[in-house]
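Summary of structural features
Letter by letter, the chains look like this.
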Amino acid sequence: PVGRSWKKMLARAAARTLRSARPAATRLSGARWMAEDAAPAGGIPSKLTLNLLAPHEAIFHKQEVDMVIIPGAAGMFGVLPGHVPTISELKPGLLEVTVAPGDTQKFFISSGFAFAHANSTLDICAVEAVKLDDLDQSAVESGKAQAEKELASQTDEVEKAKAQIAVDTYTAMAEALSLK
């Protein structure tokens with residue numbers, strides 16, 4: 001009981017300090033004040049600067065784009081200029097890059113991380129990234145069938161986990177192709 005009250009007092013004191021440190025104009029509820037504090041002094045730019053990197057190439061390097069839709073581990077999310085700084089683990093899925101109205105490029109990514117910075121720069125580091133048009137539907141279907149067969153036959157936990165990753169990745173590829 002004594003330890004808990006000490007922790008509550010410390011938390012309240014920290015909260016008061018943070019509140020008093022913010023200028024009155026930015027005292028808004030929730031995370032919104034953080035977004036405004038993160039915006040550059042000149043305001044929010046009209047474009048997002050994208051770096052999409054795979055180990056073997058830089059697919060986009062300092063490319064100005066309108067929006068990026070990302071398959072995050074917690075779900076799909078979009079990033080626009082002025083996005084709150086964020087770090088997100090990526091799951092296998094469809095990455096959509098809107099370069100300009102009517103010009104959308106689609107990629108399948110296997111995994112990685114996305115870093116949205118306060119200066120409207122988005123860095124996406126993917127383990128593998130492939131243009132969606134370069135995926136072969138029949139190869140994906142046969143790969144998924146093989147991975148499911150492999151998963152069903154495994155008794156070793158580590159091999160089961162590897163097979164499950166393959167099934168999940170092929171399933172995500174098939175779903176991305178169906179959204180084409």
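Computed from a prediction, not measured in an experiment: that's the story for all the values here. (Residues numbered from 1 in each chain as written. Predicted model: local features only at pLDDT ≥ 70, side-chain atom pairs only at ≥ 80, totals over all residues. Heavy atoms only, no water.)

1. Quick word on the pairing of strand 4 (residues 75-79)
In summary, the side chains of a regular strand alternate between the two faces of the sheet. We apply this condition: When DSSP finds at least two bridges between two strands, those strands are taken to pair. Numbering of helices and strands runs from the N terminus, with a helix taken as a DSSP run of H or I at least four residues long and a strand as a DSSP run of E at least two residues long.
Here five bridges tie strand 3 (residues 67-72) to strand 4, and the two strands are oriented antiparallel to one another. Bridge pairing in strand 4 links Pro71 to Met76. The loop that links strand 3 with its antiparallel partner strand 4 comprises two residues.

2. Some words on helix 4 (residues 157-178)
In an α-helix, one turn spans 3.6 residues, which is why side chains three or four residues apart end up on the same side. Cut-off, in case you're wondering: Helix span, as expected, comes to 1.5 Å for every residue beyond the first. For every residue, the accessible area obtained with a 1.4 Å probe (protein chains only) is divided by the maximum for its type, and the residue is called buried under 20%, exposed over 50%, and partly exposed between those limits. Contacts are assigned to residue pairs that have any heavy atoms within 4.5 Å of one another. Definition of a polar contact: a pair of N or O atoms within 3.5 Å, with one able to donate and the other able to accept a hydrogen when the atoms are protein atoms, and with sequence-neighbouring residues admitted only if both atoms are side-chain atoms.
With 22 residues, helix 4 extends 31 Å between its outermost C-alpha atoms, agreeing within 8% with the 32 Å of an ideal straight helix rising 1.5 Å per residue. Here helix 4 has its buried residues at Ala163, Val167, Thr169, Ala172, Met173, Ala176 and Leu177. On its buried face, helix 4 sits against strand 6 (93-100), strand 7 (103-109) and helix 3 (137-153). For helix 4, the capping residue at the N-terminal end is Asp156, with a side-chain oxygen 3.3 Å from the backbone nitrogen of Val158.

3. Details of the pattern of salt bridges
We apply this condition: Criterion for a salt bridge: a side-chain nitrogen of Lys or Arg within 4 Å of a carboxyl oxygen of Asp or Glu.
Scanning all chains against the criterion turns up two salt bridges. Lys47 is the partner of Asp66 in a salt bridge, and the nearest nitrogen-oxygen pair spans 2.7 Å. Of this pair, Asp66 sits in the loop between strand 2 (57-65) and strand 3 while Lys47 is found in the loop between helix 2 (32-38) and strand 1 (48-54), placing the two residues 19 residues apart along the sequence. Judged by its relative accessible area of 26%, Lys47 is partly exposed. Between Glu159 and Lys162 there is a salt bridge, with the nearest N and O atoms lying 3.5 Å from each other. One end of the pair is Glu159 and the other is Lys162, both in helix 4 and three residues apart, which spans about a single turn. We classify Glu159 as partly exposed; its relative accessible area is 31%. Owing to a relative accessible area of 51%, Lys162 belongs among the exposed residues under this scheme.

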